[in-house]
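Letter by letter, the chains look like this.
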Amino acid sequence: MHVPDGFFDAPTSVATGLIAAGAVGVSLQRASRELRETGPALAGLTAAFVFAVQMVNFPVGAGTSGHLLGGALAAALVGPWTAVLVMSTVLLVQGLLFADGGLTALGTNITLMGLITVLVGYVVTRALLKVLPRRVGSVVPATTVGALVSVPVAALAFTGLYTIGGAVDIPVGRLATAMVGWHVLVGIGEAVITAAVLSAVVATRPDLVYAARHLRPDLVLVDADGNSSTVSPDRSVAVKPAGRSLGVGIAVTLLVAGGLSLFASAHPDGLEFVGAKLGFDSAAKDSAVASSPLADYGVHGIGNAQVSGALAGIIGVLVTIVVGLAIAKLASLRAGKAS
C-alpha cells in the first residue's frame, strides 16, 4: 500500500505529513516506558524484520499480490508507541533509498501504514486479550485478528483520503469496494504471517513480547515445610534480548531479505492493481530518488538480478537496523532529559 507521489493533491499531502510528524513526535515522547522494558536493540531488529518481510510479496489471486504491513505485529512485539517509530523507520528507509513510496507521500504512508495499522491492530489485540483466557498464548490469536482487521481499515482510510484530495475523480463507492475487497485478502496473508512469526517468538522468548508481559503467570513458591505462596513477577523489570536471540533474529532477517525475497510475487500489489483497474494509476509520478543506486530493490551496476536483489535486501536490513537503533536511542535520551 505504498502510495506514490501524485495520487493526492498538495493540501492532503501536507495534512497527512503534519499528522505523521505529530504521531512520530508523540511516539518519541511516550515510547520511553516501552524502551525501558525492551531496549532499543529489539526495536531496531523489529524494524529490520518488517523491512525484510515487506520485500516478500505473496499472490492473492487475479494477478495481484500483497505483502506484510506489520503494524499489528510490531505493536505486539515492542509496544504501540515504539511500533509507530519502527514503522516510520521502515517507510523512511524505503522511501529515501529504494524509491518505494513517494517522498511527498511519505506522510501519507506513515499515516496509513505506520499509524493506523499500529493503533487498530493494537486496540483490537488488547480488546481480545480482555476476553480470551489469561495466558501468554492468547497473544497469538488476538494479534492475528488485529493484523487481519488493520489492513482493510488502512485501505478504507486511503479511500477517505482519496475522496478528499485524490488526483483523479473516482466514484467513492467503487474505490471503497475495490480497496477494501482486495485488502481483506491481503489482510488474510497479513494474519497468517503475523501468527507464524508471533507463535515462534512466544514459543522461544515470550518475555520479549510486549503484549504478553502482563499475562505472565504468578509464581508459586513452596518452602521446605510444603507451604506455598503466590508471588506476582515484577513486570516493570526490563527484559532485553540476549546476544544469541539478537543474533538469531538478525540471521533470519537477512535470510528473508537476501534469499526469500527473491521468490516474491511479481504481480502488482493491491493499491497498484486497483489503481490500474479504476484508472488513477496514471496520476503516479516518479519519486525524486527514482535514480537512487538502490531504487526498485536492486543494486544498479550489478547485472545479475538475483545477486542485485539479494544485496539490496541485505543493505536495506543493515541500514534499517542502524536507523531504527538511532531513533530508539533518541527516544530514550529524550525521555531521560524529560525526567
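The structure this text deals with has already been given above.
Residues numbered from 1 in each chain as written. Predicted model: local features only at pLDDT ≥ 70, side-chain atom pairs only at ≥ 80, totals over all residues. Heavy atoms only, no water.

**A word on the overall build of the protein**
How we decide: The helix count covers DSSP runs of H or I at least four residues long, the strand count covers runs of E at least two residues long, and both are numbered beginning at the N terminus. Radius of gyration: over C-alpha atoms. The globule rule applied is 2.2 Å multiplied by the number of residues raised to the 0.38 power. For every residue, the accessible area obtained with a 1.4 Å probe (protein chains only) is divided by the maximum for its type, and the residue is called buried under 20%, exposed over 50%, and partly exposed between those limits. By definition, residues are in contact when any of their heavy atoms lie within 4.5 Å. Residue-level accessible areas treat just the shown protein chains as cover; the underlying method is Shrake-Rupley with a 1.4 Å probe. A residue counts as positive if it is Lys or Arg and as negative if it is Asp or Glu; His and the chain ends are not included. Here the site of a charge means atom NZ of a Lys, CZ of an Arg, CG of an Asp or CD of a Glu.
In terms of helices and strands, the protein carries eleven helices and four strands. At 20 Å, the protein has a C-alpha radius of gyration in line with the 20 Å of a compact globule built from 339 residues. Across its three principal axes, the protein shows a C-alpha extent of roughly 80 × 45 × 45 Å. Of all 339 residues assigned to the protein, the portion counted as buried reaches 53%. For the protein, contacts bridging at least 24 residues in sequence account for 79% of all contacts bridging at least 6. Surface summary for the protein: the accessible area is close to 14,500 Å², and the carbon and sulfur share equals 67%. Taking the average place of the 19 positive charges on the side chains of the protein and the average place of its 17 negative ones, the gap between the two points comes to 9 Å.

**Quick word on the pattern of salt bridges**
Close approach of charged atoms lets side chains of opposite charge pair. Note the cut-off: Throughout this description, the term salt bridge denotes a Lys or Arg side-chain nitrogen within 4 Å of a carboxyl oxygen of Asp or Glu.
Enumeration over the complete set of coordinates arrives at three salt bridges. Where E37 meets R33, a salt bridge forms, and the shortest distance between an N and an O atom there is 3.7 Å. Residue E37 and its partner R33 are located together in helix α2 (residues 32-38), separated by four residues, close to a single helical turn. Owing to a relative accessible area of 6%, E37 belongs among the buried residues under this scheme. With a closest N to O distance of 2.8 Å, R205 and D207 form a salt bridge. A residue is classified by how much of its surface remains accessible, and D207, at 19% relative accessible area, is buried.

**A short note on the environment of G173**
Take G173: it is sitting in helix α8 (residues 172-204). With 14 residues separating them along the chain, G173 and T159 place their C-alpha atoms 9.2 Å apart.

**With respect to the environment of T108**
Along the chain, T108 falls in helix α6 (residues 106-129). On the basis of relative accessible area, T108 is assigned to the buried category, the value being 0%. Sequence separation between T108 and L73 is 35 residues, and the spatial gap between their C-alpha atoms is 20 Å. Every residue in contact with T108, bar those within four places of it in the chain, is listed here: V3, F8, S13, T16 and L161.

**Some thoughts on unusual backbone geometry**
Residue A62 is not a glycine yet carries a positive backbone phi of 55 degrees. Looking at the secondary structure, you find A62 in the loop between β1 (58-61) and β2 (64-66). Given a relative accessible area of 61%, A62 falls into the exposed group. At A99, a residue that is not glycine, the phi angle is positive and equals roughly 55 degrees. When you line up the elements, A99 lands in the loop between α5 (80-97) and α6.

**Concerning the packing of aromatic side chains**
As a reminder, the rule being used: Working definition: rings of Phe, Tyr and Trp (its six-membered ring) pair if their centres are within 6.5 Å, and the pair is stacked with planes under 30 degrees apart, edge-to-face with planes over 60 apart, and tilted otherwise.
Counted by the stated rule, this structure contains ten aromatic pairs. When the ring of F7 is compared with that of F280, the centres are 5.2 Å apart and the planes differ by 75 degrees; the resulting orientation is edge-to-face. A residue pair is termed long-range when its members are at least 10 positions apart, and F7 in the segment before α1 (10-30) and F280 in the loop between α10 (270-278) and α11 (305-338) qualify at 273 residues. In terms of burial, F7 and F280 fall into one category: buried. For the pair F8 and Y162, a centre-to-centre distance of 5.9 Å together with 65 degrees between the ring planes defines the contact as edge-to-face. Taken together, the positions of F8 in the segment before α1 and Y162 in helix α7 (residues 139-165) put the pair 154 residues apart, joining distant regions of the chain. Judged on exposure class, the residue F8 and its partner Y162 are both buried. Through successive ring pairs, a cluster of aromatic residues spans F7, F8, F158, Y162 and F280.

**Quick look at the packing of α1 against α6**
The condition is simple: A fitted line through C-alpha atoms represents every axis, and for helices the fit uses only the stretch in contact; the resulting angles, taken between N-to-C directions, go from 0 to 180 degrees. Any angle from 65 to 115 degrees is called roughly perpendicular, while one under 35 is roughly parallel, one over 145 is roughly antiparallel, and all others are oblique. A clockwise turn of the near helix away from the far one marks a right-handed crossing, whereas an anticlockwise turn of less than a right angle marks a left-handed crossing. Ten residues, namely Ala, Val, Leu, Ile, Met, Phe, Trp, Tyr, Cys and Pro, are considered nonpolar, four, namely Asp, Glu, Lys and Arg, are considered charged, and the remaining ones, Gly among them, are considered polar.
At a minimum axis separation of 7 Å, α1 and α6 run at an interaxial angle of 50 degrees. Considering their axes alone, α1 and α6 lie oblique with respect to each other. Crossing of α1 over α6 shows left-handed handedness. Of the residues in α6, those touching α1 at S13, T16, G17, I19, A20 and A23 are G107, T108, I110, T111 and L115. Taken together, the residues of the contact of α1 with α6 break down into five nonpolar, six polar and no charged.

**Describing the packing of α6 against α7**
Packing of α6 against α7 leaves a shortest axis separation of 7 Å and a crossing angle of 145 degrees. At the point where α6 passes α7, the crossing takes the right-handed sense. On the side of α6, the interface is formed by T108, L112, I116, T117, V120, G121, V124, T125, L128 and L129, while α7 contributes V139, A142, T143, V145, G146, V149, S150, V153, A154, A157, F158 and L161. Split by residue class, the contact of α6 with α7 holds 15 nonpolar, seven polar and no charged.

**Looking at the pairing of β1**
Basically, it comes down to this: Each pair of strands is called paired provided DSSP finds at least two bridges between the two strands.
Here three bridges tie β1 to β2, and the two strands are oriented antiparallel to one another. In the sheet register, F58 faces β2, and the bridge partner there is G66. Here β1 folds back onto β2 in antiparallel fashion, the turn holding two residues, of which A62 has a positive phi close to 55 degrees.

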